[in-house]
Structures are given as C-alpha cells and as structure tokens.
Amino acid sequence: VCFQRKIWEGKTKIVFSTKDPNLIILKFKDDITALDGKKRDVIPGKGRINASVSSKLFTELERRGILTHFVKMVNSTSMLVRKLDMIKIEIVCRNYVAGQFARRFPMFKEGAKLSRPLVEFYLKSDELGDPLLTEDHAILLGLTSRGEALRAKALTLRVNEALTTFMAERNLKLVDFKLELGRDGSGKLRVGDELDADCMRLWDSETGNVLDKDVYRKGASVAEVQKIYGELYRRVVGG
Ligand code: ADP
Ligand code: UDP
C-alpha cells in the first residue's frame, strides 16, 4: 500500500489518499490539543501509542462482529482504513459522571455511575465549540436521518459494551468516550476515526488514577502526559 498524497491535515492526524479510492491512510501525529485546539503541545511517541491503541481496539470490535473502518497498520504511526462518508456528529457515550456532563448537571456527583449508559450527539465544529444536539437538531441540520440516528445509537451502545468489558479485564473503568461514525459504500454504519486516550476517559478501577487526556487538560507537563500514555499503552496493547 502506498501513500499517495496528503488530502487533509487535522489537529492530531494526517489523512493520505492511496491508489485505491476506497482506502485512505490515517497518520497519527505527536500533537496533543485541548479546548477545541486552543491549547496545544507535542508529546514525543504519542502518535505511535495512539495508532497502536486504536488498532488494538478496532481489532477487538471487529472480533466481536462490530463493523469498523480498520484494515491494517501500515507502519508504527499509520493505519490503513476504508474511506467513509463521515457523519459530522461527535457521539459521546457516558457510563460515569465526568467532564462536561458533571459541569452541566451538578446534581450528579462526579465519578458516580449512571443508572444506564447515556448517548449524546454533539455537532463536530471547533468554531462553534461542538454544541450539544438533540436528535431533531441533527435531522434538521441534515447530518443524519431518524432511522440512521437510531442505528448510530444502537451501534454506540454495542461499542460501549465491548470496550467496557475489554477495559475491565485490564482493571480500567471506561468512564466515557467519543465516537465518529461513517457510512461505507453500501450505506452501512462503521466506527471510524480513532479509539484511544485522546477520545475516552479511563480510570484505574482500584486507585482511580486517570489514564487519559484529562491529565493534559488539567495542566500536566509533557513528561507526565508521556508517562500516562505509555502506561495506557502497556495496559491495553502490552498486556
Ligand atoms: P480533527 O482536527 O477534526 O480532530 P483529525 O486530526 O482527527 O481531525 O483528522 C482526522 C480526520 O479524518 C477527521 O476529520 C475525521 O473525521 C476523518 N476521518 C476519520 N476516519 C475516517 C474515514 N474512515 N474516512 C474518512 N474520513 C475519516
Ligand atoms: N471528547 C472528544 N473530543 C471532543 C470532546 C470530547 O474526544 O471534542 C471525548 C472526551 O475525551 C471524553 C468524552 O468525549 O472522553 C466526553 O467529553 P465531555 O463531553 O465530557 O467534554 P470535556 O469535558 O472533555 O470538554
């Protein structure tokens, strides 16, 4: 497989075309960003870690019969994937109270388990600060249809079950995560983008230690962030 040309450079990944119009390559950069891109740094080795963690988790989903874009790794930082027609929604699934949800609903205690997993839609737009969407908003904005929104939610809950089990086996609590879904050539929904410490919250089940990007959001140094990403790599890929 060869990289053809750069078709897009995002905050943390570069997208390349390949000779096959149905396949693209996602190259994970060492960059880390927060506050919709307003805070940024470089964490040496992060691209390789996120690529390996994502590849491991996509493989785990596929093993359980969940459709994803993943094809294979092409080098230590790059993943060959099916090109999808991406839905411009960030789907968040929450199992425990944290982040924005904790800030919006102070009647829920931070860290408390929700009575059932919660699925939320956010508009993927840094300029607008990713506003929360109701299903009717998403349909009105032309992002999805009623039927597809239902299928997206069901798929997200299946991913949640698979990842929760996988993480529990490694003594990790899957607090919440963000998914990006897309449509393949036959219109079927597949899990796209990435699955790693940048887009999920993971807490050690025993110590409660944070093993995700929150350490960076809360001001940890480059060396500390590097250490946490390295530990997650060992727990998820190494174990
Ligand atoms: P951002 O700056 O939007 O966070 P990234 O740096 O993550 O972007 O770049 C990756 C881009 O590739 C995102 O816009 C994402 O939606 C898109 N993408 C991810 N997986 C696929 C796929 N399978 N097909 C097409 N586009 C994809
Ligand atoms: N998330 C993400 N990209 C975003 C916003 C959130 O990957 O642009 C992830 C985040 O890492 C967390 C989950 O989605 O695992 C829920 O984040 P939340 O809505 O609580 O927002 P935050 O507190 O991070 O602003």
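Reading the values: rules and limits
- Residues numbered from 1 in each chain as written.
- Chains lettered and ligands numbered in written order.
- Predicted model: local features only at pLDDT ≥ 70, side-chain atom pairs only at ≥ 80, totals over all residues.
- Heavy atoms only, no water.
- Helix = DSSP H or I, 4+ residues; strand = E, 2+ residues; numbered from the N terminus.
- Buried < 20%, exposed > 50% of the residue type's maximum accessible area, 1.4 Å probe, protein only.
- Near = heavy atom within 4 Å.
- Polar contact = N/O pair within 3.5 Å; in protein donor to acceptor, adjacent residues only side chain to side chain.
- Areas by Shrake-Rupley, 256 points an atom, 1.4 Å probe, with all protein chains shown as cover.
- Nonpolar A, V, L, I, M, F, W, Y, C, P; charged D, E, K, R; others polar.
- Pairing = 2+ DSSP bridges.
- Axes fitted to C-alpha atoms, helices over the stretch in contact; angles between N-to-C directions.

(A) Seen up close, the environment of S76. By secondary structure assignment, the location of S76 is in the loop between β6 (70-75) and β7 (78-82). For S76, a relative accessible area of 44% corresponds to the partly exposed category.

(B) Focus on the site of ligand 2. The environment of ligand 2 is formed by 16 residues, the closest being R94, Q100, D176, R201 and R217. Take Q100: an N or O atom from its main chain is 2.9 Å from an oxygen atom of ligand 2. Out of a free accessible area of 510 Å², ligand 2 has 84% covered by protein chains. Classifying every residue of the shell around ligand 2 gives five nonpolar, two polar and nine charged.

(C) Seen up close, the sheet that holds strand β2 (residues 13-17). The five strands are arranged β1-β2-β3-β7-β6 in an open sheet whose pairing can be described as antiparallel. Looking at strand neighbours, the two that pair on one side only are β1 (6-9) and β6, the edges of this open sheet. Between one strand and the next, the sheet's axes are offset by a mean angle of 25°, whatever the strand orientation. Sheet analysis places β1 next to β2, joined by three bridges and oriented antiparallel. Bridge assignment links K6 to a residue of β2, and that residue is F16.

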